[in-house]
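The residues making up each chain are set out below.
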Amino acid sequence: MKSTSRKYMLGIPGVSFLYIKKELAEQLNPRVTGWLGQDPAASSEIYNPVFAVGTRRFETGTPSFISAYAAYEALKLLLDVGVGTIETYLKELTQFSIHYGKEKGLNLIGPFSADERTSLISFYVEAASKVEGMLRDKEIIVSARKDVIRIAPHFYNNKDDIKYAIDELAILANGD
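Conventions used here
- Residues numbered from 1 in each chain as written.
- Predicted model: local features only at pLDDT ≥ 70, side-chain atom pairs only at ≥ 80, totals over all residues.
- Heavy atoms only, no water.
- Helix = DSSP H or I, 4+ residues; strand = E, 2+ residues; numbered from the N terminus.
- Rg over C-alpha atoms; globule rule 2.2 N^0.38 Å.
- Buried < 20%, exposed > 50% of the residue type's maximum accessible area, 1.4 Å probe, protein only.
- Contact = heavy atoms within 4.5 Å.
- Areas by Shrake-Rupley, 256 points an atom, 1.4 Å probe, with all protein chains shown as cover.
- Lys, Arg positive; Asp, Glu negative; His and termini not counted.
- Charge placed at Lys NZ, Arg CZ, Asp CG, Glu CD.
- Axes fitted to C-alpha atoms, helices over the stretch in contact; angles between N-to-C directions.
- Parallel < 35°, antiparallel > 145°, perpendicular 65-115°, else oblique.
- Nonpolar A, V, L, I, M, F, W, Y, C, P; charged D, E, K, R; others polar.
- Expected span 1.5 Å × (residues − 1).
- Polar contact = N/O pair within 3.5 Å; in protein donor to acceptor, adjacent residues only side chain to side chain.
- Pairing = 2+ DSSP bridges.

Visitor: Help me understand the overall build of the protein in this model?
Guide: What the protein contains, in helices and strands, is 5 helices and 6 strands. Walking the protein from its N terminus toward its C terminus, one meets helices and strands in the order β-β-α-α-α-β-β-α-β-β-α. Relative to the globule expectation of 16 Å for 176 residues, the C-alpha radius of gyration of the protein, 22 Å, shows a markedly less compact shape. For the protein, the spread of C-alpha atoms along the three principal axes comes to 70 × 35 × 30 Å. Out of the 176 residues in the protein, the part that is buried amounts to 32%. Expressed as a percentage of contacts within the protein between residues at least 6 apart in sequence, the contacts between residues at least 24 apart total 57%. Of the accessible surface of the protein, which amounts to about 11600 Å², a share of 56% is contributed by carbon and sulfur atoms. Each charge class in the protein was averaged separately, 21 positive and 22 negative side chains, and the resulting centres sit 4 Å apart.

Structure follows, in structure tokens:
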């Protein structure tokens, strides 16, 4: 299993996580490895690498230390707030977003139940890139994907934030 510390984990580019059972690590050979993933005696061997023992074989080069510090602080914050608390809150915020968007006449892409989706909310919007720019001018940060506007709330957002974003989106998308 692998993941990164970006987006909902609040990190910046440069850090990813890889989980491998200790029992399987020696059976797997990485497709790409760096000098930290090689046996120290062969760390300069480019064409015939000798992999390090255990999970170290999946290491790459020198880590991005600023990214590692950012990831550490982001994960610490998420754990301090509580992953369960965040999950519960985001389900509530997601369901509110779905209902409020529908009430405002927006066309939701995806399931109508927060139990069947992530908190990322997508609405069909013609000229999504143009609308994204207009919303950015109003200090509303969304993401355009072809003919879709994505709203990605997190635990630091509240219903007023979502209402404001959806109200402004509805005006631009529906001509309200």
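Alright, that's what it looks like, and here's the rest.
Visitor: Whenever I open this one, the packing of helix H2 (residues 65-81) against helix H3 (residues 83-103) confuses me. Can you help?
Guide: The description of two helices packed together rests on the angle between their axes and the distance between the axes. Two numbers describe how H2 lies on H3: the axes approach to 5 Å, and their chain directions differ by 75°. As far as their axial angle goes, H3 and H2 are roughly perpendicular. Here Leu78, Leu79 and Val81 of H2 lie close against H3, whose contacting residues are Val83, Thr85 and Ile86. Classifying every residue of the contact of H2 with H3 gives 5 nonpolar, 1 polar and no charged.

Visitor: What is the right way to read the side chain of Ser122 from this model?
Guide: Structurally, Ser122 can be placed in strand E4 (residues 121-124). Other than its neighbours up to four places away in sequence, Ser122 contacts Asn107, Leu108, Ile109, Arg117, Val148, Ile149 and Arg150.

Visitor: I tried to follow helix H5 (residues 159-174) on my own but got confused; where do I start?
Guide: Because the α-helix completes a turn every 3.6 residues, residues three or four places apart line up on one side. Taking 1.5 Å as the rise per residue, H5 with 16 residues should run 22 Å; its terminal C-alpha atoms sit 21 Å apart, in good agreement. For H5, the set of buried residues is Ile162, Ala165, Ile166, Glu168, Leu169 and Ala170. Of the surrounding elements, those touching the buried residues of H5 are H3, E4, helix H4 (128-137) and strand E6 (148-151). The opening residue of H5 is Asn158, an N-cap whose side-chain oxygen sits 2.9 Å from the backbone nitrogen of Asp160. Positive backbone phi, approximately 70°, marks Gly175, located one or two places after H5.

Visitor: Help me understand the environment of Val125, please; the structure alone is not making it clear to me.
Guide: Its place among the elements puts Val125 in the loop between E4 and H4. Taking the C-alpha atoms as reference, Val125 lies 37 Å from Tyr72; in sequence the two are 53 residues apart. Excluding residues that lie within four positions of it along the chain, Val125 makes contacts with Val131, Asp147, Val148, Ile149, Leu169 and Ala173.

Visitor: Before we go on, may I ask you to explain the pairing of E6 in this structure?
Guide: Residues in a regular strand point their side chains to alternate faces of the sheet. One ladder, built from 4 bridges, connects E4 with E6; its direction is antiparallel. Counted as the bridge partner of Phe123 is Ile149 from E6. Pairing analysis gives 3 bridges linking strand E5 (residues 143-145) to E6, with the strands arranged antiparallel. Within E6, the residue paired with Ala144 across the bridge is Ile149. Between E5 and E6, which pair antiparallel in sequence order, lie 2 residues; one of them, Lys146, sits at a positive phi of approximately 55°.

Visitor: Help me out: how do you make sense of the sheet that holds E4 in this one?
Guide: Two orientations exist for strands paired in a sheet by backbone hydrogen bonds: parallel and antiparallel. A sheet is described by the order of its strands in space; here 4 strands give the open sequence E3-E4-E6-E5, paired in antiparallel fashion. The two strands at the open ends of the sheet, each matched to only one other strand, are strand E3 (107-109) and E5. Within the sheet, the average angular offset between the axes of one strand and its neighbour, ignoring direction, is 35°. The strands touched by H3 are E3 and E4; relative to E4, the strand with the most contacts, the crossing angle is about 15°.

None of the figures reported here should be taken as evidence of function without further support.
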